[in-house]
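Working through the structure, step by step
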Amino acid sequence: MNLNHPLTYLKGVSNAKASLISSELGIHSLNGLLHFFPFRYIDRTKFYKIKELVNNESDVQIIGKITSLRTVQQKRGSRLVATFQDETGSMEIIWFKGHKWIKDYIKLNTAYVAYGKLNFFKSSFSMVHPEMDLVSEYKRKIQSKLQPVYSSTEKLTNKGVSNKIFRGYVQELITHIFESIQETLPQYFTEQFQLLDKRQALLNIHFPNSPELLAKAQYRLKFEELFFIQLQLLKKKMIRKQKIKGYVFEEVGKNFNTFYKDHLPFDLTNAQKRVLKEIRKDVASHAHMNRLLQGDVGSGKTIVALLSMLLAIDNGFQATIMAPTEILATQHFNAMDSLLKEMDITLELLTGSTKASKRKQIHKDLESGDLKILIGTHALLEDKVQFHNLGIAIIDEQHRFGVAQRSKMWQKNELPPHILVMTATPIPRTLAMSVYGDLDISVIDELPPGRKEVKMVHRYDSNRLSVFNFMKQEIAKGKQVYVVYPLIQESEAMDYKDLMDGYESISREFPSPNYQISIVHGKMKAEDKEYEMQRFLKGETQIMVATTVIEVGVNVPNASVMVIESAERFGLSQLHQLRGRVGRGADQSYCVLLSSFKLSKEAKTRLQTMVETTDGFKIAEVDLKLRGPGNIMGTQQSGVLSLKIADVVKDTSILKKARNVAIELLSKDPELSLPENRLIKNTYAVLAKRTGIWSNIS
Ligand code: ADP
Ligand code: MG
């Protein structure tokens, strides 16, 4: 028997059963079975006496003898009832199915371990379809005090592959192949980190001999799993740095220095300076930069982007920024245009609505190299857009773009341009390590000084009138207000109705000509949206009623109130993004979460979290705990979701350790060529062939 053999090598596994297990559980070989770990364990150390039973134990095991068996007719079919007795009392065991088999095989007056769920009915106990083991056999099995329970499916159970049967397969497998299980980590690892060896780990993950051994087995296997993932990611990063050449921006030149000295409208925060240094180091290194810049809404990523572009221009290259929406691209363009107004740098905006003649001119100037900075939307990815020499591509709010879209930018050059991806949706550090482990990550973790924290309140729908009054007070001070409605795809029609009803009631409450109201939602034409946005931006309207189209990036510093309707229906990161739309000016801002009175536990946690903290990273951590890694942006294609035993949320300390160990290992032995690392090298080679961990962001 070797681990590549199919399951049919195990006693009792027919072809039919093997293919059922393969299709239901994805186990195709003995190796797959060995690495299919239990999801929980039942304490089988305790044996009960019948007299001691109380009516709140669900699963119990009792040693006793069957003293009689009788068939009882009932409306449909019959049931087989046994009297089961130990020295303290007796109870019934009942079977509704499989009577013949039981009658043939069950031995009367012989000691059995009966194990199952306890029923309590008319002041007596019974068990239905318990597991029955002869005491003599029970003792022969691999002794494990904690009994494994494996995930199963209804189909499997119906076809007779019960947990007991499945456990039997694993047991047989381990008995046969135990000696041939190969170690995958070097001895100096197991010693230094006090890890169980591989055999003991696999034995004890299936059949733990004690809770302590189970914990050790889990630790060893989680560590190993995370270690090899980190090793792959780090190797990939190393290879990228060594093999993929990038343009060198050697010089910090005239444009950068002039802008920095004379036109920077504020002092950079320390975080901004640090990130800029990280970027400068990358682009001066001959390697290709592939960097993710995380920074909360309002943390000042734009200026970092601009300064990075100036570096490119100082070294004779062009630069570009791509934003996910026209509004955002336009906003970037306006901001940069005004920041650069004293300087002699050409920049243009290219979006879907750029006129044909203008577009032609842009294409031409771009190709000749006369145009230095191009800002735009997806329109940048069209084939006609050809740069003369693109040195850096900056992508704002990357989660809005697909991987394929992003990689298109690469193809226009001799060498790939340096890539800076900016996101305001923070990914918790630990998750980033697993998902983007081969990227370099920069974090702006400090807001510009003087920002007032947005005041948060949570109100129930019944308080809407007082919220309206508060809006009036703010508007009277010359401020502007957002009112945002959810728009969830599944209930789109209802949501639009809510939005329109809301718009109507606000129109009634805030009548013209005293008040002007903008409305923006996804069903409007792009130019109508743009028009309404512009009116709000210019201060012609005081209230912006919208769906979440305004979620990302819009900057209206005069807006001081964000009212979020049905806030319980928004996800945490969305709520956080929306809150980031206010608090951009010097005055105190407010965010009001309106919800119904009835809230699910999760919704309560979300709203409470929003009220308690404004730290995007803390919010991301809570979000990760609530929703699991599968729902966090960018994780879908990565390996973190197919982990067998480790959990990127719960096992962060093991993850950090594994990553540090991998970093240290690679710094000492980058090629894994030292003899003591032979086992690691072998396992790595197998993994690298098998799992193409997706991780390249661009
Ligand atoms: P985001 O990271 O969300 O893209 P922005 O770059 O739009 O943030 O910056 C938000 C606001 O903060 C802008 O109005 C910008 O001018 C301002 N800002 C950025 N950095 C600083 C700073 N160091 N000091 C003061 N204001 C700053
Ligand atoms: Mg921004």
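Residues numbered from 1 in each chain as written. Chains lettered and ligands numbered in written order. Predicted model: local features only at pLDDT ≥ 70, side-chain atom pairs only at ≥ 80, totals over all residues. Heavy atoms only, no water.

The subject of this paragraph is the overall build of the protein chain. When helices and strands are counted, the protein chain shows 24 helices and 21 strands. For the protein chain, the spread of C-alpha atoms along the principal axes amounts to about 100 × 70 × 40 Å. The burial tally for the protein chain puts 52% of its 698 residues in the buried class. Looking at the protein chain as shown, the accessible area adds up to about 33,200 Å², and 51% of this sits on carbon and sulfur atoms. Here the protein chain contributes 96 positively and 76 negatively charged side chains, and the mean placements of these two sets differ by 6 Å. (Helix = DSSP H or I, 4+ residues; strand = E, 2+ residues; numbered from the N terminus. Buried < 20%, exposed > 50% of the residue type's maximum accessible area, 1.4 Å probe, protein only. Areas by Shrake-Rupley, 256 points an atom, 1.4 Å probe, with all protein chains shown as cover. Lys, Arg positive; Asp, Glu negative; His and termini not counted. Charge placed at Lys NZ, Arg CZ, Asp CG, Glu CD.)

So, on to the domain arrangement of the protein chain. Structurally, the protein chain comprises domain 1 (45-143), domain 2 (254-284 + 300-423) and domain 3 (455-613). A C-alpha centroid distance of 31 Å is found between domain 2 and domain 3. (Domains from an automatic or database assignment.)

Taken across its 6 residues, strand 21 (residues 590-595) has 6 buried, putting it largely inside the fold. The alternating pattern of strand 21 places Y590, V592 and L594 and C591, L593 and S595 on opposite faces, both of which are buried. One ladder, built from 6 bridges, connects strand 16 (residues 455-460) with strand 21; its direction is parallel. Note that in strand 21 the partner of R459 across the bridge is L594. In this structure, strand 20 (residues 559-564) lies alongside strand 21, joined through 4 bridges in parallel fashion. The partner of I564 across the bridge, within strand 21, is L593. What joins strand 20 to strand 21 is helix 20 (residues 572-579), and the crossover it makes is right-handed. (Pairing = 2+ DSSP bridges. Right-handed = clockwise from strand over helix to strand, strands pointing away.)

Close contact between helix 9 (residues 211-243) and helix 23 (residues 652-668) brings their axes to 8 Å; oriented N to C, the two are set at 50°. Judged by the angle between their axes, helix 9 and helix 23 are oblique. Relative to helix 23, the crossing made by helix 9 is right-handed. Contact with helix 9, carried on its side by Y219, K222, F223, L226, F227, Q230, L231, L234, K235, K237 and M238, involves I654, L655, K657, A658, R659, V661, A662, I663, L665 and L666 of helix 23 and no other residues of that element. Tallied by class, residues from the contact of helix 9 with helix 23 come to 15 nonpolar, 1 polar and 5 charged. (Axes fitted to C-alpha atoms, helices over the stretch in contact; angles between N-to-C directions. Parallel < 35°, antiparallel > 145°, perpendicular 65-115°, else oblique. Left-handed = near helix turned anticlockwise from the far one by under 90°. Contact = heavy atoms within 4.5 Å. Nonpolar A, V, L, I, M, F, W, Y, C, P; charged D, E, K, R; others polar.)

Around ligand 1, a shell composed of 15 residues is seen, among which D267, G298, K301, T302 and R451 lie nearest. Within the contact set of ligand 1, a nitrogen atom lies 2.9 Å away from a side-chain nitrogen or oxygen of Q272. Here ligand 1 has 560 Å² of accessible area as a free molecule, and 76% of this is covered by the chains. By residue class, the composition of the shell around ligand 1 is 4 nonpolar, 6 polar and 5 charged. (Near = heavy atom within 4 Å. Polar contact = N/O pair within 3.5 Å; in protein donor to acceptor, adjacent residues only side chain to side chain.)

Turning our attention to the sheet that holds strand 17 (residues 480-484). The 6 strands lie next to each other as 16-21-20-17-19-18, forming an open sheet whose pairing is parallel. At either end of the open sheet lies a strand with only one pairing partner, and these are strand 16 and strand 18 (517-520). For this sheet the average axis-to-axis angle between neighbouring strands, irrespective of direction, equals 15°. Against the sheet, helix 19 (residues 526-537) engages strand 17, strand 18, strand 19 (543-546) and strand 20, with an angle of about 145° to strand 18.

With parallel pairing, the 7 strands of this open sheet are ordered in space as 11-12-10-13-14-9-15. Each end of this open sheet is capped by a strand with a single partner; those strands are strand 11 (347-350) and strand 15 (440-444). Each strand of the sheet is rotated relative to its neighbour by a mean of 20°, with strand direction disregarded. Looking at chain direction, strand 11 and strand 12 (residues 373-376) are connected through 4 bridges and run parallel. The residue bridging L347 from the neighbouring strand is I373, located in strand 12. Against the sheet, helix 12 (residues 301-314) makes contact with strand 9 (290-295), strand 10 (318-322), strand 12, strand 13 (390-396), strand 14 (418-423) and strand 15, and its axis sits at roughly 170° relative to strand 13, the strand it touches most. The strands touched by helix 14 (residues 356-368) are strand 10, strand 11 and strand 12; relative to strand 11, the strand with the most contacts, the crossing angle is about 130°.

With that settled, consider the nonpolar core. Judged by nonpolar contacts, the single largest core of 53 residues is most densely connected at F189, F223, F227, L231, L374 and I680. Of all elements in the fold, only helix 9, helix 14, strand 13, strand 14, helix 16 (429-435), strand 15, helix 23 and helix 24 (678-690) reach the threshold of two or more residues within this core. No other element matches the 8 residues that helix 9 contributes to this core. Ignoring any residue separated from it by four or fewer positions in sequence, one finds L374 in contact with A319, T320, I321, E348, L349, L350, I362, L366, L380, V385 and F387. (Core = buried A, V, L, I, M, F, W, Y, C linked by side-chain atoms within 4.5 Å.)

Side chains I373 and I375 project from strand 12 onto one buried face, and the interleaved L374 and G376 project onto a second face that is buried too. Bridge analysis of strand 10 against strand 12 gives 4 bridges, and the strand direction is parallel. Pairing of M322 across the sheet is with G376, part of strand 12. The β-α-β motif built from strand 11, the intervening helix 14 and the parallel element strand 12 has right-handed crossover chirality.

With that settled, consider helix 10 (residues 254-263). Taken residue by residue, helix 10 has N255, F256 and F259 as its buried positions. Along the axis of helix 10, the buried residues cluster in a sector spanning 100°; they form a single face. Exposed side chains of helix 10 directed beyond 90 degrees from the buried face belong to K254, K261 and D262. Of the surrounding elements, those touching the buried residues of helix 10 are helix 11 (270-283), helix 12 and helix 13 (326-339). (Arc of directions from axis to C-beta.)

Another aspect to go through is the side chain of R167. Summarising the element assignment, R167 is placed in helix 6 (residues 163-177). On the basis of relative accessibility, which here comes to 8%, the residue R167 falls in the buried class. In this view, R167 contacts R44, E131, Q147, P148, Y150 and F207; residues no more than four positions away in its chain are not counted.

Using the criterion set out here, one finds 30 salt bridges in the structure. D440 is the partner of K241 in a salt bridge, and the nearest nitrogen-oxygen pair spans 3.3 Å. On the criterion of sequence distance, the pair formed by K241 in helix 9 and D440 in strand 15 is long-range, its members being 199 residues apart. A relative accessible area of 8% places D440 in the buried class. Note that E664 and K668 form a salt bridge whose closest N and O atoms lie 2.8 Å from each other. Placement of both E664 and K668 in helix 23 is noted, with a separation of 4 residues, approximately one turn of the helix. Residue classification places K668 among the exposed residues on the basis of a relative accessible area of 59%. A single salt-bridge network, built from bridges that share partners, covers R274, E278, D282, R291 and D445. (Salt bridge = Lys/Arg side-chain N within 4 Å of Asp/Glu carboxyl O.)

Turning next to unusual backbone geometry. In this structure, the amide linkage connecting S512 to the following residue, P513, adopts the cis form with an omega of 5°. Among the secondary structure elements, P513 is positioned in the loop between helix 18 (492-509) and strand 18. For N109, which is not a glycine, the phi torsion comes out positive at approximately 55°. Mapped onto the secondary structure, N109 falls in the loop between helix 3 (99-105) and strand 5 (111-121). With a phi angle near 45°, H129 is a residue other than glycine that sits in the positive phi range.

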